[in-house]
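So you can see what is in the structure, the chains are spelled out below.
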Amino acid sequence: MTFYELHAALELILNLSCGACYSFMLMTSRHAIEDFIAAEYKIAPAFNKNAQIRYLNPYPQTFACLLELESADDKEDIPYPAITGTGSDSQINTWLKEYCHFSNTWRYHNEDFFQKQQKAERKNKKQSTAAASHPETAEPQFITGFRPKTIEQKQQILQSLYLACEFNASTRVTVGSSRYTQSQLLEASKKNNLIDYCRYSLLPVSANRRKKELAEAFTANLQENMWLTLVLLPREAIELYFRLCRVKENQKLTLNLEKEKAALELLIYLGMTDLIFGAGETDIRLEISADYKKSFQLFFQNSKNFAPESACTCFLSPEQKTGSWQRIVKGYEELDYRVTMLLCRYGILTAEDLRRKLCNCYGYRFEQDQFKNYLMLHLRLLEIVYTGHLRGTRQRLVSIRELNIAYALKVQESPVSPEQQRPVTKEELDIYTEWLSNQLEDLAHLLSSYTDDASLFIEVSKQIMYAVLENETWGDYLEILSELLEDIDAFMRMCFWYELSKLYLHLPVAGLGGYSRMEYAEKEHLSNPYLILNGAEDSLEDWKDMDIFGMPFDVQCELYLSAERFVKDGTELSEKRMMKYAKKQIGSEMAAALQIHCCLISGNPRLLTLLEKGAKRGNAEAREMLEEVKSLLDLDE
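Residues numbered from 1 in each chain as written. Predicted model: local features only at pLDDT ≥ 70, side-chain atom pairs only at ≥ 80, totals over all residues. Heavy atoms only, no water.

Describing the overall build of the protein chain
- Secondary structure summary: the protein chain contains 28 helices and 12 strands in total.
- Going through the 637 residues of the protein chain one by one, you find that 52% of them count as buried.
- A sequence separation of at least 24 residues applies to 63% of the contacts in the protein chain between residues at least 6 apart.
- Carbon and sulfur atoms make up 48% of the accessible area of the protein chain, which amounts to about 30,800 Å² in all. (Helix = DSSP H or I, 4+ residues; strand = E, 2+ residues; numbered from the N terminus. Buried < 20%, exposed > 50% of the residue type's maximum accessible area, 1.4 Å probe, protein only. Contact = heavy atoms within 4.5 Å. Areas by Shrake-Rupley, 256 points an atom, 1.4 Å probe, with all protein chains shown as cover.)

As structure tokens, this is what we get:
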């Protein structure tokens, strides 16, 4: 049985539909079995020498898992592959045991499954025959390995090497010159990508142009306008390319793939570097196209190319410095940050609205075509933003990459017009990250009682911000923490309700033109901000057993507004009004929980007294908080 047959089995069971791109990493011998040689390698000897084999199917999906051989039960010595790392290991291993149970002759135990595999094998042979009818050009004599034909295969090999190194410090690669030009290497790209490169470089494009013509047009324009390198490549990729240029022919270079993988992928993606995989070992050779290398070195050696009036300064604001490529790139990084902050504020903007706001807030002077160039060749290519078009129009939209723009537009139907958008100043944008951190600080404190994983809190924070920004309803928004909310007691649930309500009402919303629900309610004189871009009361049906979360929106609104007023002014009058309404609607115990939480986040001196009372009444949370506060204040029990 071959690795190709194992791949066919896994693809059917896991329902990957990833086509021909896959690989197996033999974790002990550090050998990669790629898709184009998988049919030549037998499985049995590999498993005998490797306790674990990593199965990779990273393109177009990200998928990686470990395979081990296990016995069907203690009485049998017939192995089957067991999998880890999928998120559904138990269910998948049940299927693997049933359908991919190997006999001693290493054939599929289940005949129906084997027939499906045979069909897949015949299809693969058909594709292999078709590929063989179009032989590749002669390879350089110094390498005995494989030259992948597509960008996707090159990226897959790089991903395989990355995972084989277990994400640790370094790997050694050989560096040399390529016999191919940049345009020839770019021909391995998909035609649509080449069309986009030319279009976004403002070059004429026609549908009947061949890939060769498109690649030549793009590379000729790039090498004539080498300043676009600063647009196409981030700092890490430029620095990596400098390192590659300095290495002598056929010399080794140490790469930290954990830090440099993305940069190397981009160099391969743009035809600046080629990648060759050595046969029989995990040997990677990087080859630099000589024509681009020459243009690159000539451009970066001339300091006049980074002078104040040079072409690459068109994406700098007036106060930003010039004089070196590092200063220019630092200015571009600042522009990227400002774009991100504007999109965090507004969610979705047209490309022209985004350009106009950048010019108004920061004094940029780029025209519409110039900004389109930067937007598509830099912001979109580096996946800093997402771009798309409204159906039926050619109006280009821009959003944060993680935002569910399809859902957001389903709710609001179209971008908010500039006249209806919330005004924003440079000062607001410059401190937006700090403002957002302050808004999330109290929620972070609550979550710290349940996890010490900082990355988990960062992920929850992002989900909350994007859920509000993309116009999600109250019920859908709560789903982010639904499992936690179901498990905690009523006291803590009240604390989480206040913090989640604060974020839901105060964070900006795309469908409101960057206004928060509270700001929009004040602007439009609306009485209940919970109801803005929200479902009717029936959306609370799923939360009726979750105390305050399932109560009518008018009750939640009145309770939140009274609690927020007490947090802000801390007066006895505000406290009495909040407690009177809270006891009536949610009972004394829940009202006390809200009172304690408001005192805690506002630093009210009554907190200690309230916690002592709660502890005497047997409230476990109050007792725990009291001990924490006393330890912070260094008080005796």
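Concerning the pattern of salt bridges
- Applying the stated criterion across every chain, the model contains 21 salt bridges.
- Across the pair arginine 355 and glutamate 352 runs a salt bridge whose closest N-O atoms are separated by 2.7 Å. In this pair, arginine 355 and glutamate 352 both sit in helix α14 (residues 351-362), three residues apart, roughly one turn of the helix.
- A salt bridge links glutamate 352 to arginine 356; the shortest N-O distance between them is 3.5 Å. Pair noted here: glutamate 352 and arginine 356 are both in helix α14, with a separation of four residues, about one helical turn.
- In this structure glutamate 352 comes out as partly exposed when scored by relative accessible area, which is 21%.
- Accessibility expressed as a relative area gives 33% for arginine 356, which makes it partly exposed.
- Salt bridges here are not isolated pairs; linked through shared partners, they connect Arg345, Arg422, Glu428 and Glu519. (Salt bridge = Lys/Arg side-chain N within 4 Å of Asp/Glu carboxyl O.)

A word on the packing of aromatic side chains
- Summed over all chains, the structure comprises 32 aromatic pairs.
- Measuring from ring centre to ring centre gives 4.7 Å for tyrosine 241 and phenylalanine 296, while their planes differ by 65°; the resulting arrangement is edge-to-face. Taken together, the residues tyrosine 241 in helix α10 (residues 235-246) and phenylalanine 296 in helix α12 (residues 290-301) connect sequence positions 55 residues apart.
- Owing to a relative accessible area of 1%, phenylalanine 296 belongs among the buried residues under this scheme.
- Pairing tyrosine 477 with tyrosine 504 gives two aromatic rings, centres 4.9 Å apart and planes at 40°, and the pair type is tilted. One end of the pair, tyrosine 477, is in helix α20 (residues 474-478); the other, tyrosine 504, is in helix α22 (residues 490-506), and 27 residues separate them in sequence. (Phe/Tyr/Trp six-rings, centres within 6.5 Å; stacked < 30°, edge-to-face > 60°.)

Digging into the side chain of threonine 174
- Considering the arrangement of structural elements, one finds threonine 174 in strand β6 (residues 171-178).
- Classification of threonine 174 as buried rests on a relative accessible area of 10%.
- Engagement of the side chain of threonine 174 in a polar contact is seen with the side chain of lysine 252, the distance being 3.1 Å. (Polar contact = N/O pair within 3.5 Å; in protein donor to acceptor, adjacent residues only side chain to side chain.)

What to know about a negative patch on the surface
- There is a patch of like negative charges on the surface, built from Asp476, Glu479, Glu483, Glu486 and Asp487.
- By residue number, the principal contributor to the negative patch is helix α21 (residues 482-487), which donates three residues.
- With respect to the helices and strands, glutamate 486 occurs in helix α21.
- Glutamate 486 gets classed as exposed once you look at its relative accessible area, which sits at 53%. (Patch = residues over 30% accessible without salt bridge, like charges linked within 9 Å, V, L, I, M, F, W, Y side chains within 5 Å. Lys, Arg positive; Asp, Glu negative; His and termini not counted. Charge placed at Lys NZ, Arg CZ, Asp CG, Glu CD.)

Regarding the sheet that holds strand β10 (residues 348-350)
- On the basis of which strands lie adjacent, the open sheet formed by three strands has the order β10-β12-β11 and antiparallel pairing. With one partner strand each, in any of the chains shown, β10 and β11 (385-389) form the two edges of the open sheet. Direction aside, the axes of adjacent strands within the sheet are offset by 30° on average.
- Here β10 pairs with strand β12 (residues 396-400) via three bridges, running antiparallel. Across the sheet, the residue bridging to threonine 350 is leucine 397, located in β12.
- Contacts from helix α13 (residues 325-346) reach β10, β11 and β12, with the element oriented near 95° to β12. (Pairing = 2+ DSSP bridges. Axes fitted to C-alpha atoms, helices over the stretch in contact; angles between N-to-C directions.)

Observations concerning the environment of leucine 436
- Topologically, leucine 436 is positioned in helix α18 (residues 432-447).
- Classification of leucine 436 by relative accessible area gives buried; the value is 13%.
- Considering only alpha carbons, one finds leucine 436 and leucine 503, 67 residues apart in sequence, at a separation of 9.6 Å.

Considering the nonpolar core
- Counting residues in hydrophobic clusters, the biggest one holds 153 residues, and the most contacted among them are Leu230, Leu233, Tyr332, Leu358, Tyr477, Phe496 and Trp497.
- Here leucine 358 is in contact with Leu335, Arg338, Val339, Leu342, Gly363, Tyr364, Phe366 and Phe371, once residues within four sequence places are set aside.
- In this structure, Phe3, Ile33, Tyr55 and Ile83 belong to the second largest nonpolar core, which totals 16 residues. (Core = buried A, V, L, I, M, F, W, Y, C linked by side-chain atoms within 4.5 Å.)

Comments concerning the environment of serine 414
- Within the secondary structure, serine 414 is located in the loop between α16 (405-412) and α17 (426-430).
- Discounting chain neighbours no more than four positions away, the residues touching serine 414 are Leu390 and Leu409.

Observations regarding the confidence of the model for the protein chain
- Model confidence for the protein chain is summarised by a mean pLDDT of 79, while 76% of its residues fall at 70 or above.
- In this model residues 58-62 is a low-confidence stretch, pLDDT under 50, and it forms 12 contacts with partners more than four residues away in sequence or in other chains.
- Segment residues 72-76 is flagged for pLDDT under 50; beyond a separation of four residues in sequence, or across chains, it makes six contacts in the model. (pLDDT = per-residue confidence, 0-100.)

Section: the environment of leucine 594
- As for its position among the elements, leucine 594 is in helix α26 (residues 588-602).
- In this structure, the C-alpha to C-alpha distance between leucine 594 and tyrosine 560, residues 34 residues apart in sequence, is 9.8 Å.
- Setting aside residues up to four positions removed in sequence, leucine 594 forms contacts with Met494, Trp497, Tyr498, Leu559, Ala563 and Met578.

Quick notes on the side chain of threonine 273
- By the secondary structure assignment, threonine 273 is in strand β8 (residues 273-277).
- Excluding residues within four positions of it along the chain, threonine 273 makes contact with Leu185, Tyr241, Leu244, Leu267, Ile268, Leu286 and Glu287.

Re the state of the cysteines
- Using the criterion set out here, one finds zero disulfides in the structure.
- Between cysteine 312, a cysteine without a disulfide, and cysteine 314, which holds the nearest cysteine sulfur, the sulfur-to-sulfur distance is 7.8 Å. (Disulfide = S-S within 2.5 Å.)

What about the pairing of strand β9 (residues 284-289)?
- Counting buried positions along β9 yields six of six residues, so the element is predominantly enclosed.
- Across five bridges, the pairing between β6 and β9 is parallel. Bridge assignment links serine 178 to a residue of β9, and that residue is serine 289.

Topic: helix α27 (residues 607-616)
- For α27, the complete set of buried residues consists of Leu607, Leu610, Leu611, Gly614 and Ala615. Within α27, the buried residues cover an arc of 135° as seen down the axis, which keeps them to one side.
- Glycine 618 sits one or two residues past α27 and shows a positive phi near 90°. (Arc of directions from axis to C-beta.)

Here we look at the pairing of strand β1 (residues 23-26)
- Going residue by residue along β1, you find Ser23 and Met25 tucked away on one face and Phe24 and Leu26 tucked away on the opposite face as well.
- As defined by bridge partners, β1 adjoins strand β3 (residues 53-56) across four bridges and the pair is classed as antiparallel. Note that in β3 the partner of phenylalanine 24 across the bridge is tyrosine 55.

Some points on the packing of α10 against α13
- It is at 10 Å that the axes of α10 and α13 come closest, and there the two elements cross at 155°. Compared by their axis directions, α10 and α13 come out roughly antiparallel. Contact residues: α10 offers Arg235, Ile238, Glu239 and Phe242, while α13 offers Trp325, Gln326, Val329, Lys330 and Glu333.
- Here the residues of the contact of α10 with α13 sort into four nonpolar, one polar and four charged. (Parallel < 35°, antiparallel > 145°, perpendicular 65-115°, else oblique. Nonpolar A, V, L, I, M, F, W, Y, C, P; charged D, E, K, R; others polar.)

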